[in-house]
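Notes for the structure review
Letter by letter, the chains look like this.
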Amino acid sequence: MDAQLERIRTTCPRDCYDGCGIVVERRDGAISRVLGDPDHPVSRGALCGKCATAYNGVWQDEQARLLYPLKRTGPKGHGQLAQISWDEALTTIASKLQDIVQATGPEAIIHTHYTGTLSLLAYMFPLRFFHRLGATEVEPDTICNMAGHVAWGLLFGSSYVGFDPRTAADSRCILVWGANPAHSAPHAHKHWLPESPARKIVVDPIRTETAAQADLHLQPFPGTDAALAFSLLHVLHRDGFFQTDFIAEHTVGYDEVLPLLASCTPAWGERTTGVPADLIERTAHLYGPGPSLLWVGQGLQRQTTGGNVMRACGLLPALTGNIGKPGAGFYYLNITPGIAGMDFDALAGSSLAKGRVPRISHMDFAARLEDASASQALVCWNTNPAASAPQQQRLHAALKREDLFTVAIDCFPTDTTDFADIVLPAASFLEFDDLTFSYFHLNIGAQSKAREPMGESLPNQEIFRRLAAAMGFEEPALFESDESIIGRLLAEMRTGCDFSTLQQTGWRSISQTPLIFYEDLTFDTPSGKIEIASDKAEQKGLPRVPQPWADTQPTNNRFRLLSPASRWRLNDSYANDTNIQQRAGQAGVTLHPDDAAQLGVTDGTRVRLENETGQLELTATIDAIIPRGVALAHKGRWPKLEAGRHNVNTLNPGTRSDMGESSSVHSTEVTIRPC
Ligand SMILES: Nc1nc2c(c(=O)[nH]1)N[C@H]1C(S)=C(S)[C@@H](COP(=O)(O)OP(=O)(O)OC[C@H]3O[C@@H](n4cnc5c(=O)[nH]c(N)nc54)[C@H](O)[C@@H]3O)O[C@H]1N2
Ligand SMILES: Nc1nc2c(c(=O)[nH]1)N[C@H]1C(S)=C(S)[C@@H](COP(=O)(O)OP(=O)(O)OC[C@H]3O[C@@H](n4cnc5c(=O)[nH]c(N)nc54)[C@H](O)[C@@H]3O)O[C@H]1N2
Ligand code: SF4
Ligand SMILES: [Mo]
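Please read all numbers here as calculations on a predicted model, not as lab measurements.

Here the focus is the site of ligand 1. Inspection of the region around ligand 1 gives 30 residues, with Asn384, Ser388, Asp410, Asp572 and Ser573 positioned closest. Between ligand 1 and Asp410 there is a distance of 2.6 Å, counted from an oxygen atom to a side-chain nitrogen or oxygen. One of the backbone N or O atoms of Leu570 is found 3.3 Å from an oxygen atom in ligand 1. For ligand 1, whose accessible area on its own is 930 Å², the fraction buried by protein is 97%. Of the residues belonging to the shell around ligand 1, the class tally is twelve nonpolar, 13 polar and five charged. A domain-level breakdown of the shell around ligand 1 finds at least three residues from each of domain 2 (70-140 + 359-505) and domain 4 (558-674).

Have a look at this one:
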């Protein structure tokens, strides 16, 4: 029998820190199992639970996938659709878009996309089409991590180059601040963290599994992180851990921040953040001597003052000189292909744009779609905003506009595709060749086709080639083949191998030995130094230096609602897999025992969460893993599969953070009472 068994190596392209290697087993030409690659340095033989389940479940289920182009036959939002041909779908879309371009201009065509797949071609090639078209882009990172990028851009000149995880071997302390690897980077949690000889410290209001296993867990009230950073800095300064030579040579603005430290004593820190003073002292004493690594999560900066928080946390490495040495550094994201030399602009066809690309924030998405003169068509691809975007009710109402011509491209019939006039079926990562990367480990992976696309589905890049042809566009870049792009990208990234060689191992690191970033201690800021004080910040109307701010705790019996990454879903993906539904159980909210007692709520009580934006019923779980005044409801359920047809984003007001027009979803406040 085993003579008919074939194994194909591929890589997971989800928006995840890990970037695991996968082995697809085929028997008699059909996929029989999808497994972790035992030879891959990250997955080491086991995928995460959600992918092990869903890749063998819903991703391969013809009943669950979108197989054909569809057109709407019922009211918007109901998902009543009928099969049409690719020809009809593409001609309909092209003629609608052309009419809008002629009558109003291309800016009235809005497109929104994110990281449904992060494989390089499927994620980026479609941008060539939209650049040529001149459509308005919903700035993708504003839903996820933009405040952090702006903040560390001001401080360090870049937030796209962090530390090489392999340098953890030389580290004495790893400080994980506002990230939850146990969910969002399960293999980093399982292998990378425990294997480092460093002492581990986690700063998270929730006692996550990673926090529970750490040497120290600091549990601040959400939104008080900048104050916590300043009280750590107070101790580091008081006890002689500031590197004065490093500060003098490689930073600007130290004198402006120094006076702010004096009053940020550990006792003040305790009063302001809820973290005991002795934990603040111990953390400073572990972090200070170094070499120390700082990992700040994307969850950390999803707050109204998230940019200030990021700048304040970044002062720890900046003032203790924990930068540019083995085992020392800071990390937010590693844009691995860029570090390796890939030209993002070329892949995205930026030169096809005739002028500046018009952009709006996700925080303005619902409002823009309400404005019929400014939004006449919407194209959603690689994202499911009807589940993931803020102001869910308002957005759903706007998506019902009869005069908003809507196209949605996905592998599955999501809430978003239910609102579309035309739905196009996307092939899954098992069905086409591509390149993948990890934004933590410095690896480039091969995504290898393991079967033909299901039904008539097509990879994103092929869909947009066909749409470009239907529009009558002629620029050669719009039609470049996958093979040609993959070959060029591998050459740009100096991988020293072609695609078929990469397919054999499945992955390749961008360097043989661990990379030490910022070793020359030059930074891409206007001064070339770390800008503790920033003229650029001041010009944007922001404080010149980070501030020891803390959010005031919610009043009027309101709770701060956190909705971070869940263990069983990847954003909104996998919520439609029945095995995952069983494992994840019904949608719930976790409350502290004292809060629960005060509310008269016990395990399993149905409770109503409510604020000015919306209301949602959830089942309560009582657990002391969170502080009083905080409620936890993980993200990523499909509204249409929930009672009331809403998920946690029905409570998300879409308030901007202080930088980058970015999401501050973890600042959401709600009242809670038993139903
Ligand atoms: N309350 C709350 N809301 C949040 C967050 C939060 O923390 N709390 N986090 C935010 C963050 S960080 C993010 S990144 C967003 C993510 O939100 P989304 O972008 O909506 O979520 P994803 O699940 O990553 O991907 C969306 C869709 O891409 C589809 N997809 C997968 N592969 C392909 C493909 O090859 N082609 C096409 N066309 N589609 C494909 C999937 O089926 C899925 O439906 O959610 C945000 N929303
Ligand atoms: N399983 C799984 N993995 C995922 C995803 C998923 O949905 N599921 N999503 C992917 C995506 S798109 C992203 S962006 C990443 C996100 O992954 P992470 O970077 O880990 O971010 P989050 O999960 O949003 O939040 C991380 C932690 O931040 C904490 N937090 C919230 N507010 C505060 C605060 O005020 N202060 C501090 N110190 N901590 C706070 C939360 O309690 C949470 O434990 O994960 C990726 N990986
Ligand atoms: S989602 Fe992340 S942890 Fe799960 S298999 Fe993919 S890369 Fe690995
Ligand atoms: Mo994200």
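From this point on, the discussion continues.
So, about the sheet that holds strand S6 (residues 109-113). Here we have eight strands laid out as an open sheet, ordered S5-S4-S17-S16-S15-S6-S7-S14, and mixed in their pairing. Every interior strand has two partners, whereas the edge strands, strand S5 (81-83) and strand S14 (359-360), have only one. With five bridges joining them, S6 and strand S15 (residues 377-381) adopt parallel strand pairing. When the sheet's bridge partners are listed, Ile110 is paired in S15 with Leu378. Its contacts with the sheet put helix H2 (residues 86-103) on strand S4 (70-72), S6, S15, strand S16 (405-410) and strand S17 (422-425), and the angle it makes with S17 is roughly 130°.

The next thing to look at is the environment of Ser85. Of note, Ser85 is situated in the loop between S5 and H2. Owing to a relative accessible area of 37%, Ser85 belongs among the partly exposed residues under this scheme. Sequence separation of Ser85 and Pro69 is 16 residues, and the distance between their C-alpha atoms is 6.3 Å. A polar contact is formed between the side chain of Ser85 and the backbone nitrogen of Glu88, at a distance of 3.0 Å.

A few words now on the side chain of Ser566. With respect to the helices and strands, Ser566 occurs in the loop between strand S22 (559-562) and helix H25 (578-584). Look at Ser566 and you get buried, because its relative accessible area is 5%. Within the structure, Ser566 has its side chain in polar contact with the backbone nitrogen of Trp568 (distance 3.5 Å). The contacts of Ser566, once residues within four sequence positions are left out, are His183, His634 and Lys635.

To find leftover empty space, a probe the size of one water molecule is rolled over the atoms. Taken as a whole, the second largest pocket holds about 860 Å³ of empty space. What lines the second largest pocket is a set of 34 residues, and nearest its centre among them are Tyr123, Glu139, Asp141, Tyr160 and Phe344. Contributions of two or more residues to the lining of the second largest pocket are made by helix H3 (120-124), helix H4 (126-133), helix H5 (146-156) and helix H16 (344-348). A total of four residues in the lining of the second largest pocket trace back to one element, the largest contributor, which is H5. Classifying every residue of the lining of the second largest pocket gives 17 nonpolar, eleven polar and six charged.

Counted under the stated rule, the structure contains 31 aromatic pairs. Judged by centre distance (6.4 Å) and plane angle (55°), the ring pair of Tyr17 and Tyr331 falls under tilted. In this pair, Tyr17 is assigned in the loop between strand S1 (5-11) and strand S2 (21-27) and Tyr331 in strand S13 (residues 329-331), connecting sequence segments 314 residues apart. Note on Phe163 and Tyr331: the rings are 5.4 Å apart at their centroids and 50° apart in plane angle, and the pair reads as tilted. Highlighted residues: Phe163 in the loop between H5 and strand S8 (173-177) and Tyr331 in strand S13, separated in sequence by 168 residues.

Below, the discussion takes up the nonpolar core. In terms of nonpolar packing, the biggest core is built from 166 residues, with Tyr55, Phe129, Trp152, Trp177, Trp192 and Trp295 touching the most fellow members. It is helix H9 (residues 225-238) that contributes the most residues to this core, nine residues altogether. Those residues within four positions of Trp177 in sequence are excluded, and the remaining contacts are Val203, Asp225, Leu228, Ala229, Leu232, Leu294, Trp295, Val296, Gly297, Leu300, Cys313 and Leu316. Core analysis: the next-biggest nonpolar cluster, separate from the first, contains 18 residues, Val601, Leu616, Leu618 and Ala633 among them.

Here we come to empty space enclosed by the protein. Under the criterion given, the structure shown has two cavities of 30 Å³ or more. Of the volumes computed, that of the largest cavity is approximately 110 Å³. For the lining of the largest cavity, the secondary-structure elements that each account for two or more residues are helix H1 (49-54) and helix H7 (186-195). Residue composition of the lining of the largest cavity, by class: nine nonpolar, two polar and three charged. Within this model, the second largest cavity holds a volume of roughly 70 Å³. In terms of lining residues, the second largest cavity is bounded by 15 residues, among which Gly162, Phe163, Ala328, Gly329 and Phe517 are the most central. Tallied by class, the residues present in the lining of the second largest cavity amount to eight nonpolar, five polar and two charged.

Within the element layout of this structure, Thr414 appears in the loop between S16 and helix H20 (415-418). Residue class for Thr414 comes out buried when judged on its relative accessible area of 3%. Between the alpha carbons of Thr414 and Asp245 there is a distance of 56 Å; along the sequence they are 169 residues apart. When neighbours within four sequence positions are excluded, Thr414 is seen to be in contact with Asn384, Trp638 and Lys640.

The next subject is unusual backbone geometry. With an omega of -5°, the peptide bond running from Gly290 to Pro291 counts as cis. Counting through the fold element by element, Pro291 comes out in the loop between helix H13 (277-287) and strand S12 (292-296). Of note in the backbone geometry, Asn556 takes a positive phi value of approximately 55° without being a glycine. With respect to the element layout, Asn556 can be found in the loop between helix H24 (535-539) and S22. Judged by relative accessible area, Asn556 falls into the exposed class, the value being 65%. Despite not being glycine, Asn557 shows a phi value in the positive range, around 60°. With respect to the secondary-structure elements, Asn557 resides in the loop between H24 and S22.

Another aspect to go through is the sheet that holds strand S18 (residues 434-437). On the basis of which strands lie adjacent, the open sheet formed by three strands has the order S18-S19-S20 and antiparallel pairing. The two strands at the open ends of the sheet, each matched to only one other strand, are S18 and strand S20 (507-509). Within the sheet, the average angular offset between the axes of one strand and its neighbour, ignoring direction, is 25°.

Reading guide: rules and limits
- Residues numbered from 1 in each chain as written.
- Chains lettered and ligands numbered in written order.
- Predicted model: local features only at pLDDT ≥ 70, side-chain atom pairs only at ≥ 80, totals over all residues.
- Heavy atoms only, no water.
- Near = heavy atom within 4 Å.
- Polar contact = N/O pair within 3.5 Å; in protein donor to acceptor, adjacent residues only side chain to side chain.
- Areas by Shrake-Rupley, 256 points an atom, 1.4 Å probe, with all protein chains shown as cover.
- Nonpolar A, V, L, I, M, F, W, Y, C, P; charged D, E, K, R; others polar.
- Domains from an automatic or database assignment.
- Pairing = 2+ DSSP bridges.
- Helix = DSSP H or I, 4+ residues; strand = E, 2+ residues; numbered from the N terminus.
- Contact = heavy atoms within 4.5 Å.
- Axes fitted to C-alpha atoms, helices over the stretch in contact; angles between N-to-C directions.
- Buried < 20%, exposed > 50% of the residue type's maximum accessible area, 1.4 Å probe, protein only.
- 1 Å grid on protein atoms, 1.4 Å probe; cavity = no way out; pocket = protein on both sides within 12 Å on 5 of 7 lines; lining within 4 Å.
- Points joined across faces, edges and corners; volume = space filled by probe spheres on them.
- Phe/Tyr/Trp six-rings, centres within 6.5 Å; stacked < 30°, edge-to-face > 60°.
- Core = buried A, V, L, I, M, F, W, Y, C linked by side-chain atoms within 4.5 Å.

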